[in-house]
Amino acid sequence: SISQVHKATLKDNKKVAVKIQRPKVREILQTDIEIMFYVAKLLEKHIPKIRKFNPVQIVNEFAKWTEKELDFKREAINAKRFARNFSSDKTVKIPEIYDNLTTNKILVMEYIDGIELHNIKQIKSKKIVHR
């Protein structure tokens, strides 16, 4: 996991979720990706049958995706775009983003109390509420 999420309260008593990037996660991931590139190159060099799967290209795509995931300002922009796209859908609730409190390593958003997706029993026992 690249981050942890904590519940917090703003000065105006609004409840928020604060997503904080783990210390040195960028360096850790960079090392992991370097190891993955090394292994992918070895695989391509020594196992001809695996070349068709392009291991180096797969690691390259993973590296690009990971770099994007480490930018919480980008995540905030995407969340706001998602909210706009679903603004007329009463079954989808996207948390409000607090831009003034968000950085590349910290994302602050409206806290939404709900049921965790893995809790199937609780989900089945609830009626769907349309706003």
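Look above for the structure.
**Q** Pulling in residues and values, what's your account of unusual backbone geometry?
**A** Not every positive phi belongs to a glycine, and Asn13 is a case in point at roughly 70 degrees. For Asn13, the position within the fold is in the loop between strand E1 (3-9) and strand E2 (15-21). Positive phi, close to 55 degrees, is recorded for Asn54, a residue that is not glycine. Counting through the fold element by element, Asn54 comes out in the loop between helix H1 (25-46) and helix H2 (55-69). The class of Asn54 is partly exposed, set by a relative accessible area of 42%.

**Q** Describe a nonpolar patch on the surface, and please don't skip the residues or the numbers.
**A** Side chains of Ile35, Tyr38, Val39 and Leu42 sit close together on the surface and give an oily, nonpolar patch of about 370 Å² of accessible area. One can find Val39 in helix H1. Overall, the relative accessible area of 38% leaves Val39 in the partly exposed class.

**Q** Tell me what's going on with the sheet that holds E2, and back it up with residues and numbers.
**A** If you trace the three strands from one edge of the open sheet to the other, you get E1-E2-E3, paired in antiparallel fashion. The open sheet has two edge strands with one neighbour each: E1 and strand E3 (106-110). Mean inter-strand twist for the sheet, computed between neighbouring axes without regard to direction, equals 25 degrees. In this sheet, E3 lies alongside E2 in antiparallel orientation, the contact comprising five bridges.

**Q** Can you break down the packing of aromatic side chains residue by residue, with the values?
**A** Across all of its chains, the model carries two aromatic pairs by this definition. Seen in terms of ring centroids, Phe82 and Phe86 are 4.7 Å apart; in terms of plane orientation they differ by 40 degrees. Their pairing is tilted. The class of Phe82 is partly exposed, set by a relative accessible area of 40%. Across the ring face of Phe72, the terminal group of Lys19 is positioned such that the distance to the ring centre comes to 4.9 Å.

**Q** Tell me what's going on with the packing of H1 against H2, and back it up with residues and numbers.
**A** Where H1 contacts H2, the axes come no closer than 8 Å and their chain directions differ by 170 degrees. With respect to H2, the element H1 is oriented roughly antiparallel. Along this stretch, H1 crosses H2, giving a crossing that reads as left-handed. Each of Arg26, Leu29, Ile33, Met36, Phe37, Ala40, Lys41 and Glu44 in H1 lies in contact with H2, whose residues at this interface are Pro55, Val56, Val59, Asn60, Phe62, Ala63, Thr66 and Glu67. Of the residues that constitute the contact of H1 with H2, the class distribution is 10 nonpolar, two polar and four charged.

**Q** Could you give me a rundown of the pattern of salt bridges, with the residues and numbers involved?
**A** Using the criterion set out here, one finds five salt bridges in the structure. Put simply, Lys64 and Glu61 hold a salt bridge, and the shortest N to O gap is 3.9 Å. Placement of the pair is Lys64 and Glu61 together in helix H2, with a separation of three residues, close to one helical turn. With relative accessibility at 45%, the residue Lys64 sits in the partly exposed group. Relative accessible area serves as the criterion here: at 42%, Glu61 is assigned to the partly exposed category. Lys93 serves as the salt-bridge partner of Glu110, at 3.3 Å between the closest nitrogen and oxygen. Taken together, the positions of Glu110 in strand E3 and Lys93 in the loop between helix H3 (72-85) and E3 put the pair 17 residues apart, joining distant regions of the chain. Under the relative-accessibility criterion, Glu110 is labelled partly exposed at 21%.

Basis of the calculations
- Residues numbered from 1 in each chain as written.
- Predicted model: local features only at pLDDT ≥ 70, side-chain atom pairs only at ≥ 80, totals over all residues.
- Heavy atoms only, no water.
- Helix = DSSP H or I, 4+ residues; strand = E, 2+ residues; numbered from the N terminus.
- Buried < 20%, exposed > 50% of the residue type's maximum accessible area, 1.4 Å probe, protein only.
- Patch = residues over 30% accessible without salt bridge, like charges linked within 9 Å, V, L, I, M, F, W, Y side chains within 5 Å.
- Areas by Shrake-Rupley, 256 points an atom, 1.4 Å probe, with all protein chains shown as cover.
- Salt bridge = Lys/Arg side-chain N within 4 Å of Asp/Glu carboxyl O.
- Pairing = 2+ DSSP bridges.
- Axes fitted to C-alpha atoms, helices over the stretch in contact; angles between N-to-C directions.
- Phe/Tyr/Trp six-rings, centres within 6.5 Å; stacked < 30°, edge-to-face > 60°.
- Lys NZ or Arg CZ within 6 Å of the ring centre and 35° of its normal.
- Parallel < 35°, antiparallel > 145°, perpendicular 65-115°, else oblique.
- Left-handed = near helix turned anticlockwise from the far one by under 90°.
- Contact = heavy atoms within 4.5 Å.
- Nonpolar A, V, L, I, M, F, W, Y, C, P; charged D, E, K, R; others polar.

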